[in-house]
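# Examination of the molecular architecture
If you want the building blocks of each chain, they are given just below.
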Amino acid sequence: MRAGIQVLMDTAGIAASDIAAVYLAGSFGYHLRESSVLEIGLFPEEFSGRIFSAGNTSLAGAAGVLSGYVPERLFEKITGTSQQISLADNPLFNSCFLDFMKF
């Protein structure tokens, strides 16, 4: 994950210190302790104090859309401004992946 995060930050032209909050969704985020993910290097140290569990976001999102609470135009905005970044053939990812491995 750490290598993927680095590629995303480099692509966006930002540093870890520029990120105000990191939300982890689903049971993955629910069961992780911030101290543990920082200790094993899963996230940059700069994320300390900014990692939050978002809960079951897929269920909340579906309920929000069905109830009309979340407008469809929000999804259109997100998909219209998002881009796919392939990590499989990304040289930076391959380099970072090895650099961030902790043994």
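Numbering of residues starts from 1 in each chain and follows the order in which that chain's sequence is written. In keeping with the model being predicted, local features are shown solely for residues with a pLDDT of at least 70 and side-chain atom pairs are shown and tallied solely at 80 or more, while totals for entire chains, interfaces and linings include all residues. As a rule here, side-chain values come from all non-hydrogen atoms in the structure, and water together with hydrogens is ignored.

### Topic: the overall build of the protein chain
Strands here mean DSSP runs of E at least two residues long; helices mean DSSP runs of H or I at least four residues long; both are numbered from the N terminus. Along the backbone of the protein chain there are six helices and two strands. Shown N-terminal to C-terminal, the secondary structure of the protein chain runs as helices and strands in the order α-β-α-α-β-α-α-α. In terms of principal-axis extent, the alpha carbons of the protein chain reach across some 45 × 30 × 25 Å. Here the term buried applies to any residue with accessible area under 20% of the maximum for its type, exposed to any over 50%, and partly exposed to those in between, with areas from a 1.4 Å probe on protein chains only. The buried share of the protein chain, reckoned over its 103 residues, is 25%. Here the analysis covers contacts within the protein chain between residues at least 6 apart in sequence; of these, 72% occur between residues at least 24 apart. Split by element, the accessible area of the protein chain, about 7400 Å² in all, is 59% carbon and sulfur. Here a residue-residue contact requires only that any non-hydrogen atoms of the pair lie within 4.5 Å. The method behind every accessible area is Shrake-Rupley, applied with a 1.4 Å probe, and residues are considered shielded solely by the protein chains displayed.

### Some details on the environment of Ser35
Structurally, the position occupied by Ser35 is in helix H3 (residues 34-39). The spatial distance from the C-alpha of Ser35 to the C-alpha of Glu45 is 9.8 Å, given a sequence separation of 10 residues.

### Here we look at the nonpolar core
Ile5, Met9, Ala16, Ile19, Val22, Leu24, Val37, Leu38, Leu42, Phe43, Phe47 and Ile51 together form the largest nonpolar core, which totals 12 residues. Residue assignment for this core shows that the elements contributing at least two residues are helix H1 (2-12), strand E1 (22-25) and H3. In this structure, Ile5 is in contact with Leu42, Phe43, Pro44 and Phe47, ignoring residues within four places of it in sequence. Among buried residues, those of type Ala, Val, Leu, Ile, Met, Phe, Trp, Tyr and Cys that are joined through side-chain atoms within 4.5 Å constitute a nonpolar core.

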